[in-house]
Amino acid sequence: MFSTGQDRDFRILAYGGSVRDTLSGRVRARKESEEVYEIVFRPVQESDSGVVRCELANTEAQVRLEQTINVLVPPSITFITPDIQVRAGDPVTLECQAQGNPPPLLMWIRQGQEYPTSYSGLYTIESVSRDDRGLYKCVAEQQTGQKLTAENFVNIFVDFDPTVICDQVIVEQVPNINADAEITCLAEAYPMSVLKWEFSQGNTNVRRAISSGAKYRIDTNIASDSIDSRYGSRLIIKNVEPRDFGKYTLIVMDESKRQASAWTELRPSSYIRPFNRAISFFHLSTYVLIFFCLIMNAAFH
C-alpha cells in the first residue's frame, strides 16, 4: 500500500503493518516523480503473489488503485516413490508430488512409450506382472506461454518365477559331414543367478555341464527390451557326430534359488539319406547304360 500525505511523501505498508517487519526488507519504495511511485520486490518470491494497493490521499480526496501480482514459479518435483521391488500379483502405487505457480499438471509415462499412462500424481497397477517391470517417469508440466517441465524417475522391479522357452523341441542334423547344429532358448529370471547348459543321452537323468570350447559355442546376451531379466542363449554344437545326439537343457536360477529349465533334443536327420540313395541309384543306372552302349558299339565294329 502506498500512502501519501499533503506533503506528497509516501510510505509502504504490507498487510497493514510496516513492510520492514512483514517482508524482511526485500521491498523498497521509489519516488520516480511527483506523479509516479514505485514498489520494488527484490528478490521476488512466490509468497509475493497477491493484491497490491496504491492509495493517494489529501484533505480533499482519496484515490485507490489495486494491482494483482502473480509470481510465476517453474515446476519442481518435491517427492517421488523410490525404486520398488514387488512380487508378481501384488498391487503397486506410484506417487509423485510437485509444486509451482501455476500448479503443474502431473503425468506418468512408461519408458519406451510415447503417451502418458496416467494424468495424475498417483498411478496404480492393481496386479503387477513381469510385463509391468521397467522405468517410469513422472512429469510436472506447466503451460505458461512456454512449456516448462520437471521430471524424475522410478524403477519397478518385479519378483517372479523363472521361465525358459526354447525355439524348438527337436533339431535334426546329418552327422559326420562337418555341419553344425544350433539350439536357441529364451530365459527369464530376476535377479539372474545361474544360467548354464547341460547334456544328457537316452532316458537317463544324468546330465553333464557343457561350456564354450572346441566342441561347443555358447552366446548369451541380455534381450534388447529387458531390464536385466530376459536373456537369449544360443548353443552351437560344432561338427555334429553320432555321439552328440541327445538332449541339451538350459537351466536358470534366480537369487532365491528358484529354478526353471527347458530342453531341445538333437536327432540324426531323416531327410538327406533317402535323397542320397536316389542319387546313387541314378548314378548306377547311368553307368550301366554307358557300359551297354560301349559293348554294342564294339560288336558292330
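So, here is what we can say about the structure in this document. Remember, it's a predicted structure, so these values are computed and weren't measured experimentally.

The tally for this structure, following the rule as stated, stands at 19 salt bridges. In this structure, Lys137 and Glu151 form a salt bridge, with 3.8 Å as the shortest nitrogen-oxygen distance. In this pair, Lys137 sits in strand E13 (residues 134-144) while Glu151 sits in strand E14 (residues 146-159), placing the two residues 14 residues apart along the sequence. Note on Lys137: relative accessible area 22%, which makes it partly exposed.

For the rest of this paragraph, the subject is the pairing of strand E7 (residues 62-69). Within E7, only zero of the eight residues are buried, leaving the element largely exposed. Here strand E6 (residues 50-57) runs beside E7; their pairing, made up of eight bridges, is antiparallel. Bridge pairing in E7 links Arg53 to Glu66.

What follows is about the pairing of strand E11 (residues 105-110). Among the six residues in E11, five count as buried, and that is most of the element. Pairing between E11 and E13: six bridges, direction antiparallel. Within E13, the residue paired with Leu105 across the bridge is Glu141.

Moving on, we get to the packing of aromatic side chains. Applying the stated criterion to the full structure yields four aromatic pairs. An angle of 40° between the planes, with centres 6.0 Å apart, marks the rings of Tyr123 and Tyr136 as tilted. Here Tyr123 is found in strand E12 (residues 122-125), whereas its partner Tyr136 is found in strand E13, with 13 residues between them in sequence. The pair formed by Tyr123 and Tyr136 is uniform in burial state, with each residue classed as buried. Taking 4.6 Å as the distance between ring centres and 35° as the angle between the ring planes, the aromatic pair formed by Phe199 and Tyr248 counts as tilted. With Phe199 in strand E18 (residues 192-200) and Tyr248 in strand E22 (residues 246-254), this pair connects stretches of sequence that are 49 residues apart. Comparing Phe199 with Tyr248 shows no difference in burial state: the two are buried. Among the aromatic residues, those joined into a cluster by ring pairs are Phe199, Tyr216 and Tyr248. Lys247 extends its terminal NZ or CZ atom over the ring of Trp263, reaching a point 4.1 Å from the ring centre.

About the criteria used
- Residues numbered from 1 in each chain as written.
- Predicted model: local features only at pLDDT ≥ 70, side-chain atom pairs only at ≥ 80, totals over all residues.
- Heavy atoms only, no water.
- Salt bridge = Lys/Arg side-chain N within 4 Å of Asp/Glu carboxyl O.
- Helix = DSSP H or I, 4+ residues; strand = E, 2+ residues; numbered from the N terminus.
- Buried < 20%, exposed > 50% of the residue type's maximum accessible area, 1.4 Å probe, protein only.
- Pairing = 2+ DSSP bridges.
- Phe/Tyr/Trp six-rings, centres within 6.5 Å; stacked < 30°, edge-to-face > 60°.
- Lys NZ or Arg CZ within 6 Å of the ring centre and 35° of its normal.

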